[in-house]
Amino acid sequence: MSSQPTGSWLTQDAYDRLTAELAELEGPRRTEIAERIAAARDEGDLKENGGYHAAREEQGKNEARIAELTHLLKNAVVGETPKDDGVVEPGMVVKISMAGKDRTFLLGNREIADDGEDLEVFSTESPLGSAINGSKVGESIDYEAPNGRSLTIEIISAKPYRA
């Protein structure tokens with residue numbers, strides 16, 4: 001078992017980026033959507049007002065993202081880039097061999113990875129993430145997959161993620 005604190009692990013850069021996104025969503029974005037709703041409402045009949053319904057849907061998505069970011073940031077554990085010591089922990093890009101196939105992914109929160117990056121992400125709370133968290137390069141771990149199948153996972157490499 002790892003001694004990592006609970007909560008989503010984020011780099012300082014990811015935390016700062018998400019804090020700025022939250023400020024934008026709660027301030028200017030929320031105001032702009034409210035103004036669009038008010039303008040569409042002034043047009044009259046709301047039943048057939050596509051602009052009104054689109055703005056309300058956008059408002060719902062905006063509020064959901066605000067709630068998601070608020071929860072994530074409130075519970076975040078902001079950490080430095082982990083040491084390059086071969087120990088699997090949040091913030092590491094991990095390469096494993098499982099069921100005869102190699103997989104490479106980031107252990108942490110999907111919000112850490114850059115938007116354009118095509119890197120799979122597993123949290124430490126996921127079945128796979130919790131099974132390998134704290135293990136070392138070269139170790140083999142017995143893993144019971146969510147489907148009940150027992151697999152052996154070999155840790156091939158674990159390197160710090162560089163944002």
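Residues numbered from 1 in each chain as written. Predicted model: local features only at pLDDT ≥ 70, side-chain atom pairs only at ≥ 80, totals over all residues. Heavy atoms only, no water.

1. Comments concerning the pairing of strand E7 (residues 150–160)
- Summarising the sheet, strand E3 (residues 92–98) and E7 pair through seven bridges and their orientation is antiparallel. Note that in E7 the partner of lysine 95 across the bridge is serine 157. (Pairing = 2+ DSSP bridges. Helix = DSSP H or I, 4+ residues; strand = E, 2+ residues; numbered from the N terminus.)

2. Let's talk about the packing of aromatic side chains
- A full pass over the atoms with the stated rule returns one aromatic pair.
- On the basis of an interplanar angle of 75° and a centroid distance of 4.9 Å, the ring pair of phenylalanine 105 and phenylalanine 122 is categorised as edge-to-face. A residue pair is termed long-range when its members are at least 10 positions apart, and phenylalanine 105 in strand E4 (residues 101–107) and phenylalanine 122 in strand E5 (residues 120–122) qualify at 17 residues.
- The buried category is assigned to phenylalanine 105, whose relative accessible area is 0%.
- On the accessibility criterion, phenylalanine 122 (17% relative accessible area) is buried. (Phe/Tyr/Trp six-rings, centres within 6.5 Å; stacked < 30°, edge-to-face > 60°. Buried < 20%, exposed > 50% of the residue type's maximum accessible area, 1.4 Å probe, protein only.)

3. Quick notes on the nonpolar core
- Judged by nonpolar contacts, the single largest core of 17 residues is most densely connected at Val94, Ile96, Leu128, Ile132 and Ile153.
- The set of elements that each furnish at least two residues to this core consists of E3, E4, helix H3 (127–132), strand E6 (140–144) and E7.
- Leaving out residues up to four positions away in the same chain, isoleucine 132 has contacts with Val88, Val94, Phe105, Ile153 and Ile155.
- With 16 residues, the next largest nonpolar core counts Leu10, Leu22, Leu25 and Ile66 among its residues. (Core = buried A, V, L, I, M, F, W, Y, C linked by side-chain atoms within 4.5 Å. Contact = heavy atoms within 4.5 Å.)

4. A look at the pattern of salt bridges
- Scanning the model with the defined rule gives 14 salt bridges in all.
- Between glutamate 21 and arginine 65 there is a salt bridge; the shortest N-O distance is 2.9 Å. Here glutamate 21 is found in helix H1 (residues 12–41), whereas its partner arginine 65 is found in helix H2 (residues 50–74), with 44 residues between them in sequence.
- Look at glutamate 21 and you get partly exposed, because its relative accessible area is 27%.
- The buried category is assigned to arginine 65, whose relative accessible area is 18%.
- Aspartate 102 is the partner of lysine 95 in a salt bridge, and the nearest nitrogen-oxygen pair spans 4.0 Å.
- Judged by relative accessible area, aspartate 102 falls into the partly exposed class, the value being 48%.
- Connected through salt bridges with shared partners, the residues Glu21, Arg65, Glu68, Arg110 and Glu111 form a single ionic network. (Salt bridge = Lys/Arg side-chain N within 4 Å of Asp/Glu carboxyl O.)

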